[in-house]
Amino acid sequence: MAERFISKIDDYYGKRFSGTCISKYNAYSMADVYKALSDIGQNVFKSTNDAFGRPLWFRGQGTEAYVLVPSLFRDRENIQNANQSYSTLSLAEEYRHQNFSARVNHLTQTHLQSRVEWQELLQHHFGKTRFMDWSESVETAVNFALEPFIDTKDTEDNRRKRAGLTPGIWIVNPYRLNERVYDFFTDVSNELYIEKALKNIVPNSARRIAMAAAIRNELKNNKDIYFNFSSEKVIDIAINGLVSVCILDEHYHYNAEHMEQMLANCEFNPFFYLIVRYYADALPVEADVGSALLPPIASVQPYHSERIRAQRGTFTIFPNYCRTEAAMQFANTKMDVVAIESQRSLSECFCHIRLCDPARIAKELIYAGERRTEMYPDIQAYADYLEAGRFFA
């Protein structure tokens, strides 16, 4: 049976700003992984809302010390302008969008339009974005975590990676994560976030303040209308709470001319509008030590490449966090305030499984038919597999 244990302040991840408790497991085989998932689904994530079980997403990492922070936030000080409407990260993101889309547009399998779509594709090809990769398949996540063993080429680089591997997989309940985002906007202390998001469509300050208060109250009092559709007869367990930032961005721009009136009448879901402003348009969000942060959001995205489809890719998209001077000293450390595992409100959204015997688990995956070509379905990967010279590492 997989060993279950709870992390404390000085356990596994090291010292944290708060006593976050994330359920953790040790697995020595794929059987242990599946047993841990059974416990996670039946016990850790079980609640009134999760009584029927909900889809889980998975992320494999070869290094347990790697904190859950997007690549674009690493080694970067994000400075806002005076209006707190634009930042250096905004600029870095836009330059990447312009140059990446200009150079690979002819290689894409579908027509991409928005910056969000291009970031999705860039993330899956190891570019720096506000996105973090997840998968709807636990086998894909384990495959990623054990990639030096799944890639059986006997090279010096692979041998070095195998020797230093400390692999594990993260599990997220995407419904719970997005529920935390929704609840953030219903908190009266966060009403300024709503007001800030309305500046582009409501120039009058007094009207904007009143509209922000009305939207917050509407969201707070009608969660079953704007977030969680359910009734005694219908429970949309597979889709409740799961958004697509890319599709919402399209809907927003299609209705942009009438957006103020649509929000005033709640013809356009106010929660969806806030998602577009903070996760697609990337309005800067100040991140300070000890403060409650706007959480990342779990998003399903169109499969814009065969690679994303093969990996059954999904994403957590981070807001445009601007660390304060006090918070910057912890950037790129285990205590980074913007890291998922450092945010107290998210403890019950995530679990972790440490893969304690990577060679054995990799062999079990390979016996079950997993190959590196499953993750990278391109000609080069198939050629490498044929020439690997061995079946196991």
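Scroll up to find the structure.
These figures come from a predicted structure and were not determined experimentally. (Residues numbered from 1 in each chain as written. Predicted model: local features only at pLDDT ≥ 70, side-chain atom pairs only at ≥ 80, totals over all residues. Heavy atoms only, no water.)

Novice: Would you mind going over the side chain of Q343 with me for this structure?
Specialist: In this fold, Q343 is placed in the loop between α15 (325-328) and β10 (350-355). Here Y321 takes part through its side chain, which lies 3.4 Å from a polar atom of the side chain of Q343. (Helix = DSSP H or I, 4+ residues; strand = E, 2+ residues; numbered from the N terminus. Polar contact = N/O pair within 3.5 Å; in protein donor to acceptor, adjacent residues only side chain to side chain.)

Novice: Got a minute to help me understand the environment of R307 in this structure?
Specialist: The residue R307 is located in helix α14 (residues 306-310) in this model. In this structure the C-alpha to C-alpha distance between R307 and P377, which are 70 residues apart in sequence, comes to 6.2 Å. Excluding residues within four positions of it along the chain, R307 makes contact with H124, H125, F126, M375, Y376, P377 and D378. A polar contact of 3.2 Å, which involves the side chain of R307, links it to the backbone oxygen of H124. (Contact = heavy atoms within 4.5 Å.)

Novice: How do you make sense of unusual backbone geometry when you look at a structure like this?
Specialist: A positive phi angle, near 55 degrees, is found at Q84, a position not held by glycine. Along the chain, Q84 falls in the loop between β3 (57-61) and α2 (88-104). We classify Q84 as partly exposed; its relative accessible area is 38%. Phi is positive for R312, close to 50 degrees, though the residue is something other than glycine. Mapped onto the fold, R312 is located in the loop between α14 and β8 (313-317). (Buried < 20%, exposed > 50% of the residue type's maximum accessible area, 1.4 Å probe, protein only.)

Novice: What exactly am I supposed to notice about the packing of helix α11 (residues 245-254) against helix α13 (residues 270-280) here?
Specialist: For any two helices packed against each other, the geometry comes down to the angle between their axes and how far apart the axes lie. Across the interface, α11 lies against α13 with an axial gap of 9 Å and an inter-helix angle of 110 degrees. Taken together, the axis directions place α11 and α13 in an arrangement best described as roughly perpendicular. Facing α11, whose interface residues are V245, L248, D249 and Y252, α13 presents F272, Y273, I275, V276, R277, Y279 and A280. Taken together, the residues that form the contact of α11 with α13 break down as 9 nonpolar, no polar and 2 charged. (Axes fitted to C-alpha atoms, helices over the stretch in contact; angles between N-to-C directions. Parallel < 35°, antiparallel > 145°, perpendicular 65-115°, else oblique. Nonpolar A, V, L, I, M, F, W, Y, C, P; charged D, E, K, R; others polar.)

Novice: In this structure, what is going on with the packing of aromatic side chains? I would like to understand it.
Specialist: Overall, the coordinates contain 16 aromatic pairs when judged by the stated rule. On the numbers, 4.9 Å between centres and 80 degrees between planes, the contact of F184 with Y193 is edge-to-face. Joined through ring pairs, the aromatic side chains of Y175, Y182, F227, F271 and F272 make up one cluster. Above the ring of Y175, the side-chain terminus of R54 is found at 3.6 Å from the ring centroid. Just above the ring of Y66 sits the side chain of R74; from NZ or CZ to the centre is 4.2 Å. (Phe/Tyr/Trp six-rings, centres within 6.5 Å; stacked < 30°, edge-to-face > 60°. Lys NZ or Arg CZ within 6 Å of the ring centre and 35° of its normal.)

Novice: When you look at the pairing of β3 in this model, what are you seeing that I'm missing?
Specialist: Side-chain positions along a regular strand alternate between the two faces of the sheet. Most of β3 sits out of view: 5 of its 5 residues are buried. Because side chains alternate across β3, one face comprises the buried residues W57, R59 and Q61, and the other comprises F58 and G60, equally buried. Here β3 pairs with strand β5 (residues 168-172) via 5 bridges, running antiparallel. Across the sheet, the residue bridging to Q61 is G168, located in β5. (Pairing = 2+ DSSP bridges.)

Novice: Where do I start with the nonpolar core in this structure?
Specialist: Nonpolar side chains in soluble globular proteins tend to be buried together. In terms of nonpolar packing, the biggest core is built from 69 residues, with F185, L198, Y273, Y278, Y279 and F350 touching the most fellow members. The biggest single contributor to this core is α13, with 8 residues. Setting aside residues no more than four positions away along its own chain, L198 makes contact with R208, M211, A212, I215, L263 and Y273. Of all hydrophobic cores here, the second largest spans 28 residues; its members include A36, L146, L165 and A362. (Core = buried A, V, L, I, M, F, W, Y, C linked by side-chain atoms within 4.5 Å.)

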